[in-house]
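# Fold and geometry: a report
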Amino acid sequence: MEDDIVNQELVEICLRVRDIEATLDFYTNLFDFEVASRREFPEDKFDLIYLNSPGSSVQIELTYNYDAEPYTIGDGFSHLGVTVSDLEKMHDVCKDSAYETGELKGLSGGTPSYFFVTDPDGYRIEVKREK
């Protein structure tokens, strides 16, 4: 690979969503993501919403296609991951929400260090204890 193109950085992850308001509520209210920009293309029947995660340069691009059929999440994609400073408190917040929330788990039966919560479109978010 050429030396002048080696410095690459992951800048965004795109998720196709069906209910943009429910999805925005999930990411902005549960995880404190902020809307960085919103671009609407009604003539092409889609919107793009970019979310910033506090402390990260990677954005989530939410793509909302008007009148799209439900999406099938493939078996090759597993989840997105976020870290939090208080895992147990975040677990309680998620369990008290309307979102499907798994139990606290630890690798190989070890100390609980993560759990999963599912967004309105079925994407799983792994919530981990900050290192």
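Quick caveat, the model's predicted, so the values are computed rather than measured.

Next up on the list: the overall build of the protein chain. Assigned secondary structure in the protein chain consists of two helices and seven strands. Each helix (α) and strand (β) of the protein chain, taken in turn from the N terminus, gives the series β-α-β-β-β-β-α-β-β. In terms of overall dimensions, the protein chain has a C-alpha envelope of 50 × 45 × 30 Å along the principal axes. Within the protein chain, buried positions represent 34% of all 131 residues. When contacts within the protein chain are restricted to residue pairs at least 6 apart in sequence, long-range pairs at least 24 apart make up 49% of them. Accessible area for the protein chain stands at about 8,500 Å²; split by element, carbon and sulfur atoms hold 46% of it. In the protein chain, 12 side chains carry a positive charge and 28 a negative one; their mean positions are 5 Å apart.

All right, on to helix α1 (residues 20-30) then. Buried residues of α1: Ile 20, Thr 23, Leu 24, Phe 26, Tyr 27 and Leu 30, and no others. Directly beyond the C-terminal end of α1, a positive phi value near 60 degrees is found at Asp 32.

Aromatic ring pairs are described here by two measures, namely the spacing of the ring centres and the angle between the planes. If you walk through the whole model with that rule in mind, you get eight aromatic pairs. Seen from the ring of Phe 116, Arg 124 lies directly overhead, with NZ or CZ sitting 4.0 Å from the centre.

The next point concerns unusual backbone geometry. One non-glycine residue with positive phi stands out, namely Asp 67, at about 55 degrees. Along the chain, the position of Asp 67 falls in the loop between β4 (59-65) and β5 (80-84). By relative accessible area, Asp 67 is classed as exposed at 73%. Here the phi dihedral of Ser 108 falls at roughly 50 degrees; this positive angle occurs in a residue that is not glycine. Mapped onto the secondary structure, Ser 108 falls in the loop between α2 (87-95) and β6 (114-118).

The rules we used
Residues numbered from 1 in each chain as written. Predicted model: local features only at pLDDT ≥ 70, side-chain atom pairs only at ≥ 80, totals over all residues. Heavy atoms only, no water. Helix = DSSP H or I, 4+ residues; strand = E, 2+ residues; numbered from the N terminus. Buried < 20%, exposed > 50% of the residue type's maximum accessible area, 1.4 Å probe, protein only. Contact = heavy atoms within 4.5 Å. Areas by Shrake-Rupley, 256 points an atom, 1.4 Å probe, with all protein chains shown as cover. Lys, Arg positive; Asp, Glu negative; His and termini not counted. Charge placed at Lys NZ, Arg CZ, Asp CG, Glu CD. Phe/Tyr/Trp six-rings, centres within 6.5 Å; stacked < 30°, edge-to-face > 60°. Lys NZ or Arg CZ within 6 Å of the ring centre and 35° of its normal.

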